[in-house]
Amino acid sequence: MAVALPDMMTAIEISTPGGPEVLLPCQRPVPVPGEGEVLVKVAAAGVNRPDVVQRMGLYPAPPGASDLPGLEISGTVVAIGPGVETEHMGQKVCALVAGGGYAEYCIARADVCWPVPPSLSMEEAAAIPETLMTVWHNVFERGYASEGETMLVHGGTSGIGTMAIKLGKLFGLEVIVTCGSADKCAAALAIGADHAIDYKASDFVEEIGKITGSKGVHLVLDMVAGSYVPRNLKCLREDGRHVTIAVQGGLVAEINMAQVMSRRLTLTGSTLRPRSNEFKGLLAQEIYQNVWPDVVEGRLRPEMAQSFPLSEAAAAHRLMESGDFVGKIILLV
């Protein structure tokens, strides 16, 4: 069934690298889906830390991707490209995208779209793809987490942190998080964390020792890097795994490699956005098989912080940079 589409759409562009004020509404041509792609009429878009870094001019879009910010969306498929089954038309979906989410229409690859069940609102659906794919890949595929193990997560009340708590508990992990205040620690515990450490009030390395009886954790999910890395390694037990997914604390870390060798530690990490379409498609399929039933049945829900109209993207970024929130920030289109 064909859908009449406008020639132009409203989007939020980065007018020049800088602060939140550089996010300005603009008119752009409605994109046309190519091979294996669908066009989604966007209902909501997730706001993520990489959007902020891109806005600052420090994280350019990968080749071929839209220069508009926005890495995850929910909405309705209104056009399909060559090679896409017609059954996709009219479907309510959520998707990971390489860019372009801050707009009325956005291109997504059909193989990274998940159907939105009736039990999930479109706002909630937009809050899932980036965090779920990041946490699943890094905790379970790169970090080899398994039932009964203990995981330390920094930034426990962020979008990634809250998803790590919920997904970790769903798959039988003991989850310890760090947060920047007593209130955030309380929020993390309410979400499901087994322990929450206020890193401003105590040394998280010492606290991990107390919590684990000096055994340490099996896995650290690290979004800080920098000076945190040698401290994280002290938290790991023998054969522990350290997975870095962001470098908010700095690009460079100095570590004792003899410690890595003697305790057989594994250091790894990843970024999702520049990975190939083939990888993202396979990852989406694996999550659809292993996790999406829990979403459909209501056992996994994103933690929602606050929603803003698309026109108030700058305000959403200000909230993101303030850190004064718990869960996911969403733009309503």
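This section reports on the structure supplied with the text. (Residues numbered from 1 in each chain as written. Predicted model: local features only at pLDDT ≥ 70, side-chain atom pairs only at ≥ 80, totals over all residues. Heavy atoms only, no water.)

### Description of unusual backbone geometry
Within the chain, A225 stands out as a residue other than glycine whose phi angle is a positive 60 degrees. Here A225 lies in the loop between β11 (217–222) and α7 (228–235). Take A225: its relative accessible area is 6%, and that puts it in the buried class. Positive phi, normally seen in glycine, also occurs at D239, with a value near 65 degrees. Tracing the backbone through its elements, the reader meets D239 in strand β12 (residues 236–244). On the accessibility criterion, D239 (39% relative accessible area) is partly exposed. (Helix = DSSP H or I, 4+ residues; strand = E, 2+ residues; numbered from the N terminus. Buried < 20%, exposed > 50% of the residue type's maximum accessible area, 1.4 Å probe, protein only.)

### Quick look at the environment of E321
Within the secondary structure, E321 is located in helix α11 (residues 313–322). Distance from E321 to G240, taken between C-alpha atoms, is 32 Å for residues 81 residues apart in sequence. Residues contacting E321, with those up to four places away along its chain left out, are P20, R49, V52, R55 and M56. (Contact = heavy atoms within 4.5 Å.)

### Notes on the side chain of S270
Its location among the elements puts S270 in the loop between β13 (266–269) and α9 (277–290). Classification of S270 as buried rests on a relative accessible area of 15%. Among the polar contacts listed, one links the side chain of S270 to the side chain of N138, at a separation of 2.7 Å. For S270, the contacting residues outside a window of four places in its chain are H137, N138, R142, T244 and I245. (Polar contact = N/O pair within 3.5 Å; in protein donor to acceptor, adjacent residues only side chain to side chain.)

### Section: a nonpolar patch on the surface
Residues V247, L251 and V252 make up a contiguous nonpolar surface patch of about 350 Å² in total accessible area. Along the polypeptide, V247 turns up in the loop between β12 and α8 (257–262). (Patch = residues over 30% accessible without salt bridge, like charges linked within 9 Å, V, L, I, M, F, W, Y side chains within 5 Å. Areas by Shrake-Rupley, 256 points an atom, 1.4 Å probe, with all protein chains shown as cover. Salt bridge = Lys/Arg side-chain N within 4 Å of Asp/Glu carboxyl O.)

### With respect to the sheet that holds strand β8 (residues 150–153)
Strand order across the open sheet formed by 6 strands is β10-β9-β8-β11-β12-β13, with parallel pairing between neighbours. Each of the sheet's edge strands pairs with one partner strand only, and the pair in question is β10 (195–198) and β13. When the angles between neighbouring strand axes are averaged without regard to direction, this sheet yields 20 degrees. Sheet strands touched by helix α5 (residues 182–191): β9 (174–179) and β10. Its angle to β10, the strand with the most contacts, is close to 170 degrees. On the sheet, α7 packs against β8, β11, β12 and β13 and is oriented at approximately 145 degrees with respect to β12. (Pairing = 2+ DSSP bridges. Axes fitted to C-alpha atoms, helices over the stretch in contact; angles between N-to-C directions.)

### Some remarks on α5
Within the span of α5, buried status applies to K184, C185, A188 and I191. Taken around the axis of α5, the buried residues stretch over an arc of 120 degrees, which confines them to a single face. Exposed side chains of α5 directed beyond 90 degrees from the buried face belong to A182, D183 and A190. G192 lies just past α5 and shows a positive phi near 140 degrees. (Arc of directions from axis to C-beta.)

### Description of the side chain of N48
Along the chain, N48 falls in the loop between β3 (37–47) and α1 (49–55). Judged by its relative accessible area of 5%, N48 is buried. Only 3.0 Å separates the side chain of N48 from the side chain of E72, close enough to count as a polar contact. Of the polar contacts made by the side chain of N48, one reaches the side chain of K328; its length is 2.6 Å.

### Brief notes about the nonpolar core
With 44 residues, the main nonpolar core has W114, L132 and V139 as its most contacted residues. A total of 6 residues in this core trace back to one element, the largest contributor, which is helix α3 (residues 129–142). Formed by 17 residues, the second largest nonpolar core is a distinct cluster that contains I208, C235, L236 and L265. (Core = buried A, V, L, I, M, F, W, Y, C linked by side-chain atoms within 4.5 Å.)

### So, the pairing of β11
Taking burial as the measure, the 6 residues of β11 include 6 buried ones, the bulk of the element. In this sheet, β11 lies alongside β8 in parallel orientation, the contact comprising 3 bridges. Counted as the bridge partner of V153 is L221 from β11. In terms of strand pairing, β11 meets β12 through 5 bridges, oriented parallel. Residue pairing for β12: L221 is matched across the bridge by V243.

### Considering the pattern of salt bridges
Counting across every chain of the model gives 14 salt bridges. The salt bridge involving E13 is made with R28; its shortest N-O contact spans 3.1 Å. Taken as a pair, E13 in strand β1 (residues 8–14) and R28 in strand β2 (residues 23–29) lie far apart in primary sequence, 15 residues in all. The partly exposed category is assigned to E13, whose relative accessible area is 23%.

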